[in-house]
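If you want the building blocks of each chain, they are given just below.
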Amino acid sequence: MKKIFIYFLGLLLSSCSTFVEKSLWEDCDVVATKIVMDNDTVLVCNVDDVRQEISIPLSSLVEEMNLLRMDNSSKDMMFSPDCNVIPSENYLAVLEHNKALLFDKNGRFVRQIANIGNGPADIVPGILKLQIDEEADKIYLTDCNMFRMQVYGLTGGEYIGNIPLCQRAIQPSFHVDSKEKTILMAHTPMEGSKSSIWKQNFEGTLIQDITPSRFKNPKGFWYLGSDAFYLSKRNDACLLHVVCDPAINDSLYCYNEASNQVHPLFAVNFPYEVPDHWLFATSDYYMITINENSGDIASGFSNRVQKRILVDKNTGKGAYVNILLDKWGNIPITDCRFYMWDEYFTLALSSEWLAEKIDVALKSNLLSEDENKTLSKILNDMTEDDNTFVLFGKIK
């Protein structure tokens, strides 16, 4: 594999990243071509054509980045890096196994969102998705009770009630519009499922739907943590991606809510046995995240080695990519499991991993004075009782 290395020096990145990216892509091969399928233009990447490797700063993909040292003042607020983080403008929710925790934007613990139990305000084991709606002052949550959505107050934490779902939602992903009082829901359709995508109101009445057809799970049954249908809403666009076990050659789709139609945008072909993988998108790129170990790619409850391919939407040029934390000493995060759903990039990091990487960066003698000061403070403030750190920002 041909490697193209670009070395970034501290704060110079912010002023020269556009030039670096442009010159970098000029040296890369075309790995994806546009084809027309049923009146849809789809960019198709053949993984076998990807032979180069590049290094880019995370700031090329993400803006307004924050690294938070999360509250650790009691054991109830502790969580591991094997979690899902859901940010909003002023809060972060952390989902881990059977608990949902709420923190403010500075990492201070607010409360546990719900309790496991059999009461009307409780959740059953297996929290699947959560949405923070600051404007409505509500938190919407689905768990392994597949026929209802729980609703809690954001500011006060009170249980508000539940919203009945018009059909069984298996591994659901959703977006709630509190003003319209509607839910857009995508789930993993199985034998007997009426829809793969649907829109309903808060009373549980179906408004429109897409039948399972191409999205039906080929096994006919589902595994928690291995089958999922991800719906990501960003700038009024709805992106869809199916994660299956066993994995298949598949596509990233756009759902047009007005016309109630699904259109493929980006597809990937593996020349060998298809590995577990995700498909992400920014305004300029598509990203293929490949899980090099088998199992559990959908749940996020296990950090496994990751490989990533970045494809330019306009030129079809692409390469394997090494992503660097340019605001924090160019620490490489390619092997870390991060997410790029809805508007946010999120990455949970153990304090031990972060301390090790910061120590390497400080010894490199490649940091600016400001970077050296920033990283030294993070390292000196760390203790053996630290909670997980959270890195997040808005996707470009």
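The structure under discussion appears in the preceding block.
Computed from a prediction, not measured in an experiment: that's the story for all the values here.

**Student:** I'd love a proper account of the sheet that holds strand 7 (residues 91-96), names of residues and values included.
**Tutor:** Strands sit in the order 6-7-8-9 across an open sheet of four strands; the sheet is antiparallel. Each edge of the open sheet is held by one strand with a lone partner, namely strand 6 (84-87) and strand 9 (109-112). With direction set aside, neighbouring strand axes in the sheet form an average angle of 20°. Summarising the sheet, strand 6 and strand 7 pair through four bridges and their orientation is antiparallel. In the strand pairing of strand 7, Asn 84 is matched with Leu 95.

**Student:** Tell me about the packing of helix 2 (residues 351-362) against helix 3 (residues 369-381), and please be specific about residues and values.
**Tutor:** With their axes 10 Å apart at the nearest point, helix 2 and helix 3 run at an angle of 145° to one another. Like other packed secondary-structure pairs, helix 2 and helix 3 cross with a definite hand, here left-handed. Judged by residue contacts, Leu 354, Ala 355, Ile 358, Ala 361 and Leu 362 of helix 2 engage Asn 372, Leu 375, Ser 376, Ile 378 and Leu 379 from helix 3. Its residues assigned to classes, the contact of helix 2 with helix 3 shows eight nonpolar, two polar and no charged.

**Student:** An account of the sheet that holds strand 29 (residues 389-395) is requested, with residue identities and associated values reported.
**Tutor:** Pairing in this open sheet of four strands is antiparallel, and the strands run 5-29-28-27 from one edge to the other. The sheet is open, and its two edges are formed by strand 5 (62-69) and strand 27 (338-341), each paired on a single side. Averaged over all pairs of adjacent strands, the angle between their axes in this sheet comes to 15°, without regard to strand direction. Across the face of the sheet, helix 2 comes into contact with strand 5, strand 28 (344-349) and strand 29 while running at roughly 95° to strand 28.

**Student:** Report on unusual backbone geometry, specifying residues and quantitative values.
**Tutor:** Phi angles above zero are rare outside glycine, and Asp 137 is one such case at about 60°. Residue position: Asp 137 is located in the loop between strand 10 (129-133) and strand 11 (138-142). Among the residues examined, Asp 137 registers a relative accessible area of 28% and is labelled partly exposed. In the Ramachandran plot, Asn 330 falls in the positive-phi region, its phi being about 60° despite a non-glycine side chain. Assignment of secondary structure puts Asn 330 in the loop between strand 25 (318-325) and strand 26 (331-332). Judged by its relative accessible area of 19%, Asn 330 is buried.

**Student:** Describe the pattern of salt bridges, listing the residues and the values that go with them.
**Tutor:** Considering all chains together, one arrives at 11 salt bridges under this definition. Lys 179 is paired through a salt bridge with Glu 135; the nearest N and O atoms lie 3.1 Å apart. With Lys 179 in the loop between strand 14 (173-177) and strand 15 (182-186) and Glu 135 in the loop between strand 10 and strand 11, this residue pair connects regions lying 44 residues apart in the sequence. For Glu 135, a relative accessible area of 65% puts it in the exposed group. With its nearest N and O atoms 3.7 Å apart, the salt bridge here joins Lys 199 to Glu 180. Within this pair, whereas Lys 199 is found in strand 16 (residues 197-201), its partner Glu 180 is found in the loop between strand 14 and strand 15, the two being separated by 19 residues in sequence. Members of the salt-bridge network, linked through shared partners, are Glu 180, Lys 199, Lys 233 and Glu 257.

**Student:** Outline helix 2, supporting the account with residue identities and numerical values.
**Tutor:** Here helix 2 contains 12 residues, and its C-alpha end-to-end distance of 16 Å stays within 8% of the 16 Å for a straight helix at 1.5 Å per residue. If you check which residues of helix 2 are buried, you get Ser 351, Leu 354, Ala 355, Ile 358, Ala 361 and Leu 362. End-on, the buried residues of helix 2 take up no more than an arc of 125°, which puts them together on one face. Exposed residues pointing more than 90 degrees away from the buried face of helix 2 are listed as Glu 352 and Val 360. Its buried side turned inward, helix 2 meets strand 5, strand 26, strand 28, helix 3 and strand 29.

**Student:** Any details on the packing of aromatic side chains? Residues and values, ideally.
**Tutor:** The geometry of an aromatic ring pair is captured by the separation of the ring centres together with the interplanar angle, meaning the angle of the planes. Summed over the entire model, instances satisfying the criterion amount to 12 aromatic pairs. Among the aromatic side chains, those forming a connected cluster through ring pairs are Tyr 230, Trp 278, Phe 280, Tyr 339 and Trp 341. Here the guanidinium or amino end of Lys 129 rests over the ring plane of Phe 174, the centre of that ring lying 5.4 Å away. The aromatic ring of Tyr 286 is capped on one face by Lys 313, whose charged end is 4.9 Å from the ring centroid.

**Student:** Describe helix 3, and please don't skip the residues or the numbers.
**Tutor:** For an α-helix, the turn length of 3.6 residues means that residues three or four places apart are oriented alike. Its 13 residues give helix 3 an end-to-end C-alpha distance of 18 Å, which sits within 8% of 18 Å, the value for a rise of 1.5 Å per residue. Of all the positions in helix 3, only Glu 371, Leu 375 and Ile 378 are classed as buried. What you see down the axis of helix 3 is that its buried residues fit within an arc of 55°, all on one side. Pointing more than 90 degrees away from the buried face of helix 3 are the exposed residues Glu 369, Lys 373, Lys 377 and Asn 380.

**Student:** If you had to explain the pairing of strand 12 (residues 148-153) to someone new, which residues and values would you point to?
**Tutor:** The buried fraction of strand 12 is high, at six of six residues. Of the two faces of strand 12, the one carrying Arg 148, Gln 150 and Tyr 152 and the one carrying Met 149, Val 151 and Gly 153 are both buried. Relative to strand 12, strand 11 is paired through four bridges, and the arrangement is antiparallel. Across the sheet, the residue bridging to Leu 141 is Gln 150, located in strand 12. Connecting the antiparallel pair strand 11 and strand 12 is a turn made up of five residues. Counting the residues in the hairpin turn of strand 12 and strand 13 (residues 159-164) gives five residues, including Gly 157, whose phi is positive at 80°.

Basis of the calculations
Residues numbered from 1 in each chain as written. Predicted model: local features only at pLDDT ≥ 70, side-chain atom pairs only at ≥ 80, totals over all residues. Heavy atoms only, no water. Pairing = 2+ DSSP bridges. Helix = DSSP H or I, 4+ residues; strand = E, 2+ residues; numbered from the N terminus. Axes fitted to C-alpha atoms, helices over the stretch in contact; angles between N-to-C directions. Left-handed = near helix turned anticlockwise from the far one by under 90°. Contact = heavy atoms within 4.5 Å. Nonpolar A, V, L, I, M, F, W, Y, C, P; charged D, E, K, R; others polar. Buried < 20%, exposed > 50% of the residue type's maximum accessible area, 1.4 Å probe, protein only. Salt bridge = Lys/Arg side-chain N within 4 Å of Asp/Glu carboxyl O. Expected span 1.5 Å × (residues − 1). Arc of directions from axis to C-beta. Phe/Tyr/Trp six-rings, centres within 6.5 Å; stacked < 30°, edge-to-face > 60°. Lys NZ or Arg CZ within 6 Å of the ring centre and 35° of its normal.

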